[in-house]
Amino acid sequence: MQGKRVFPTAVEALQQVTRDLLGLAVRSVDEVGEVSLPQMRLLFALRDEGQSSCTDLAHVLGVSGSSVTRLADRLVASGHVSRSTDPQSRSRVLLALTEHGTEVIAAVLAWRSRELTRALRSLDGEALDALTDSLSVLHDALRVQHRDLTGPVPL
């Protein structure tokens, strides 16, 4: 039953690649240089959720509503996000990505794709296929074990 055992070296390898991928994600934001990491998380949340209230976005990001409001103020001022009133509830403020905000997300994702592609090119076809299959299995296992992971963490 070797497939069911968790080997410490596998856990260590996953810990290392997690740090590597998080480092790559953070660096991609720095490389594009338009927004801070917390601002980028808000842009990704808006991309994933669509037009949303500050309260809804605070829930998605796991932060306070006032934190989202402060981030949104900066992103509205810089042209990355637009702010409007909900037509069904005038007291509710909605945020949405602007074209500029969408372009920044695209630039960050393009940078990440280039770097990941560069790293994956070092693998032969068999290793790449095995990695792809293994990552899919791991992804599915994490989703079953952690049902609260309903979507990607905005980063």
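Residues numbered from 1 in each chain as written. Predicted model: local features only at pLDDT ≥ 70, side-chain atom pairs only at ≥ 80, totals over all residues. Heavy atoms only, no water.

Enquirer: I'd love a proper account of the nonpolar core, names of residues and values included.
Expert: Met40, Leu42, Leu43, Leu57, Val68 and Leu95 are the most contacted members of the largest nonpolar core, which totals 21 residues. Among the secondary structure elements, those contributing two or more residues to this core are helix H2 (37-49), helix H3 (54-61), helix H4 (65-77) and helix H5 (99-120). With six residues, the top contributor of residues to this core is H2. Setting aside anything within four residues of it in sequence, one finds leucine 43 in contact with Val35, Leu75, His80, Val81, Leu97, Gly101, Val104 and Ile105. (Core = buried A, V, L, I, M, F, W, Y, C linked by side-chain atoms within 4.5 Å. Buried < 20%, exposed > 50% of the residue type's maximum accessible area, 1.4 Å probe, protein only. Helix = DSSP H or I, 4+ residues; strand = E, 2+ residues; numbered from the N terminus. Contact = heavy atoms within 4.5 Å.)

Enquirer: I'd like a rundown of a nonpolar patch on the surface, residues and numbers included.
Expert: A cluster of nonpolar side chains, contributed by Leu14, Val17, Leu21, Leu116, Leu120, Leu123, Leu131 and Leu135, occupies part of the molecular surface with about 600 Å² of accessible area. Of all the elements in the fold, those that place two or more residues in the nonpolar patch are helix H1 (8-32), H5 and helix H6 (125-145). With three residues, the single largest contributor to the nonpolar patch is H1. Mapped onto the fold, valine 17 is located in helix H1. The exposure class assigned to valine 17 is partly exposed, which follows from its relative accessible area of 37%. (Patch = residues over 30% accessible without salt bridge, like charges linked within 9 Å, V, L, I, M, F, W, Y side chains within 5 Å. Areas by Shrake-Rupley, 256 points an atom, 1.4 Å probe, with all protein chains shown as cover. Salt bridge = Lys/Arg side-chain N within 4 Å of Asp/Glu carboxyl O.)

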